[in-house]
Amino acid sequence: MIRIVLADDHSMVAEGFRMILDQQPDFEVVGVASSPAEAMDMLVELAPDVLVSDVSMGGQKSGLLLAERIEGSSVRCGVVLLTMHDELEFARQAFQHGAKGYVLKSSSDDDLFCAVREAAAGECYLCRELVSPFIKDSMRRIDDVPSILTPHESEIAVLSVKGFSNADIADALSVSVKTVESRKSKIMAKLGLKSKPELFDYVVRHRLF
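Residues numbered from 1 in each chain as written. Predicted model: local features only at pLDDT ≥ 70, side-chain atom pairs only at ≥ 80, totals over all residues. Heavy atoms only, no water.

1. Here's the deal with the overall build of the protein
Then step 1. In terms of regular secondary structure, the protein is built from 10 helices and six strands.
Then step 2. Its C-alpha atoms give the protein principal-axis dimensions of about 50 × 35 × 30 Å.
Then step 3. In the protein, buried positions account for 47% of the 209 residues.
Then step 4. Partitioning the contacts of the protein with sequence separation of at least 6, the portion at a separation of at least 24 is 64%. (Helix = DSSP H or I, 4+ residues; strand = E, 2+ residues; numbered from the N terminus. Buried < 20%, exposed > 50% of the residue type's maximum accessible area, 1.4 Å probe, protein only. Contact = heavy atoms within 4.5 Å.)

Next comes the structure, spelled out in structure tokens:
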């Protein structure tokens, strides 16, 4: 069962999303908050698996700041941000601030369900409407900075963003899973990245595919 806290400062909107999430037999909405402060209190008290939060509770980027606060705290909870903003820069900022999912309020219910499940598993999810624009924008942002990764690190990065598991990568490169995990951590640290979408952006911009 995936335990969820909802956060939105519009009670009718929050109730609507609660009804949508309650459709799923493996979801349980354990709390509904109306402000970032109340959401944080609920996360500490209820220890849910996922927080589904509006990006703009009482402020344009309050949801982003809440995700960043959670990322820097002892709370272990995947954050899915709901928004009306389809600007790619908002999506980039969301992942940079520690969010695991970014879903438009106009997206399908299935998109939201996928985002919640991926966030609960520690993975990232971008709604379908933004995937293609995100890739195209990444291609336009190609720069001339040379890759600082070794060929071996580049191979691991590419396999990772293609969706291969650590075990799959280990088999392909004839190394241990522990070695793959260690090298992936070093890659993220070397590049100053925090999330898979950021790594995907790097791989695309530097044409490592």
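Back to the write-up after that little detour.
2. Let's talk about the side chain of Asp 8
Then step 1. Tracing the backbone shows Asp 8 in the loop between strand E1 (2–7) and helix H1 (11–21).
Then step 2. Exposure remark for Asp 8: the relative accessible area of 6% places this residue in the buried category.
Then step 3. Engagement of the side chain of Asp 8 in a polar contact is seen with the backbone nitrogen of His 10, the distance being 2.8 Å.
Then step 4. When sequence neighbours within four positions are dropped, the list of residues in contact with Asp 8 reads Val 13, Ala 14, Ala 33, Ser 34, Asp 54, Met 57 and Lys 105. (Polar contact = N/O pair within 3.5 Å; in protein donor to acceptor, adjacent residues only side chain to side chain.)

3. Here we look at the pattern of salt bridges
Two side chains carrying opposite charge are able to pair once their charged atoms lie near each other.
Then step 1. This model, assessed by the stated rule, comprises seven salt bridges.
Then step 2. Linking Lys 105 and Asp 54 is a salt bridge whose minimum nitrogen-to-oxygen distance equals 3.3 Å. You can see Lys 105 sitting in the loop between strand E5 (101–104) and helix H5 (109–120) and its partner Asp 54 sitting in strand E3 (residues 50–54), a full 51 residues away along the chain.
Then step 3. Taking the relative accessible area as the measure of exposure, Lys 105 reaches 27% and is therefore partly exposed. (Salt bridge = Lys/Arg side-chain N within 4 Å of Asp/Glu carboxyl O.)

4. Some details on the sheet that holds E1
Then step 1. Read from one edge of the open sheet, six strands run E2-E1-E3-E4-E5-E6, paired in parallel fashion. Sheet topology places strand E2 (27–33) and strand E6 (125–126) at the edges, where each strand pairs with a single neighbour.
Then step 2. Where E3 meets strand E4 (residues 78–83), five bridges bridge the pair, whose relative direction is parallel. Bridge assignment links Ser 53 to a residue of E4, and that residue is Leu 81. (Pairing = 2+ DSSP bridges.)

5. Some points on H5
Then step 1. With 12 residues, H5 extends 17 Å between its outermost C-alpha atoms, agreeing within 8% with the 16 Å of an ideal straight helix rising 1.5 Å per residue.
Then step 2. Gly 122 sits one or two positions beyond H5 and adopts a positive phi of about 85°. (Expected span 1.5 Å × (residues − 1).)

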